[in-house]
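Here's the letter readout for the chains.
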Amino acid sequence: MSVTDDERFMRAALTEARDADEEDEVPVGAVVVRDGRIIGRGHNQRQALADPTAHAEMIALTAAAAFVGDWRLSGCTLYVTLEPCTMCAGAIVLARIDRLVFGTDDPKAGACGSLYTITNDPRTNHQVSVASGVLVDECSLILREFFRRQRSLGKKG
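Residues numbered from 1 in each chain as written. Predicted model: local features only at pLDDT ≥ 70, side-chain atom pairs only at ≥ 80, totals over all residues. Heavy atoms only, no water.

The next thing to look at is the sheet that holds strand β4 (residues 99-104). Spatially, the five strands line up as an open sheet ordered β2-β1-β3-β4-β5, and their pairing is mixed. The open sheet has two edge strands with one neighbour each: β2 (37-43) and β5 (129-132). Strand-to-strand twist in this sheet, taken as the mean axis angle between neighbours without regard to direction, amounts to 15°. The pairing of strand β3 (residues 76-82) with β4 spans five bridges and is parallel. Along β4, the bridge assignment pairs leucine 82 with threonine 104. Taken strand by strand, helix α3 (residues 56-68) contacts β1 (29-34), β2 and β3, and its axis lies near 145° from that of β2. (Pairing = 2+ DSSP bridges. Helix = DSSP H or I, 4+ residues; strand = E, 2+ residues; numbered from the N terminus. Axes fitted to C-alpha atoms, helices over the stretch in contact; angles between N-to-C directions. Contact = heavy atoms within 4.5 Å.)

Here it is as structure tokens:
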């Protein structure tokens, strides 16, 4: 994928993040791409579904697997606005995603380079190529604004 493709698909993930924001969810969005086509989309829905696993990545992976008709998503790239957590990084490895592209690091929960490197752990049976920093300013801004709003309302810290 070229830088232009990475930016185009990250913009699609940002659209998903904005959908989450409108639903008062932490604004994280994800898309799964195969052969230049989006085959799965997702945004955080933990509040709406009352489900701790309803992260953007998990929803996008599930949608892509349903589209393909197989849990193996080799040949796919996952674009996500925020560095995946340990749960999502594990799912990315288990799904056999070839490439992960994320926008902004997550120094408190990131498992693809910040706290852990699950996606590239040589002890697992699959490693994922990882690129970060794509549209980092936009990906960071939507999260900062969300949490600033939440704090002003006395909600989340």
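Now, onward.
Another aspect to go through is the environment of leucine 94. Position of leucine 94 relative to the elements: it lies in helix α4 (residues 86-94). C-alpha separation for the pair leucine 94 and threonine 124, spaced 30 residues apart in sequence, amounts to 9.3 Å.

Below, the discussion takes up helix α5 (residues 136-152). If you check α5, its first and last C-alpha atoms are 24 Å apart, about what 17 residues at 1.5 Å a residue would give, namely 24 Å. Listing the buried residues of α5 in full gives Cys139, Ser140, Ile142, Leu143, Phe146 and Gln150. Each buried residue of α5 sits inside an arc of 160° when the element is viewed along its axis, so together they form one side. Of the exposed residues in α5, those oriented more than 90 degrees away from the buried face are Asp137 and Ser152. In the segment just after α5, glycine 154 is the residue with positive phi, at about 75°. (Expected span 1.5 Å × (residues − 1). Buried < 20%, exposed > 50% of the residue type's maximum accessible area, 1.4 Å probe, protein only. Arc of directions from axis to C-beta.)

Turning next to the packing of aromatic side chains. Enumeration according to the criterion identifies two aromatic pairs in this entry. Here phenylalanine 9 and tyrosine 79 contribute two aromatic rings whose centre-to-centre distance is 5.4 Å and whose plane-to-plane angle is 40°, an arrangement assigned as tilted. Of this pair, phenylalanine 9 sits in helix α1 (residues 3-22) while tyrosine 79 sits in strand β3, and the two are 70 residues apart along the sequence. Residue tyrosine 79 is classed as buried on the basis of its relative accessible area, which comes to 0%. Ring geometry for phenylalanine 146 versus phenylalanine 147: centroids 5.1 Å apart, planes at 80°, classification edge-to-face. (Phe/Tyr/Trp six-rings, centres within 6.5 Å; stacked < 30°, edge-to-face > 60°.)

Moving on to α3. Between the first and last C-alpha of α3 there are 18 Å, a value that for 13 residues agrees with the 18 Å anticipated at 1.5 Å per step. Ala56, Glu57, Ala60, Leu61, Ala64 and Ala65 are the residues of α3 that are buried. Summarising the axial view, the buried residues of α3 lie within an arc of 155°, below the 170-degree limit, and thus occupy one face. The outward face of α3, more than 90 degrees from its buried face, is lined by the exposed residues Thr62 and Ala66. Check the buried side of α3 and you find it contacts β1, β2, β3 and α4. Among the residues trailing α3, glycine 69 stands out with phi positive, at a value near 80°.

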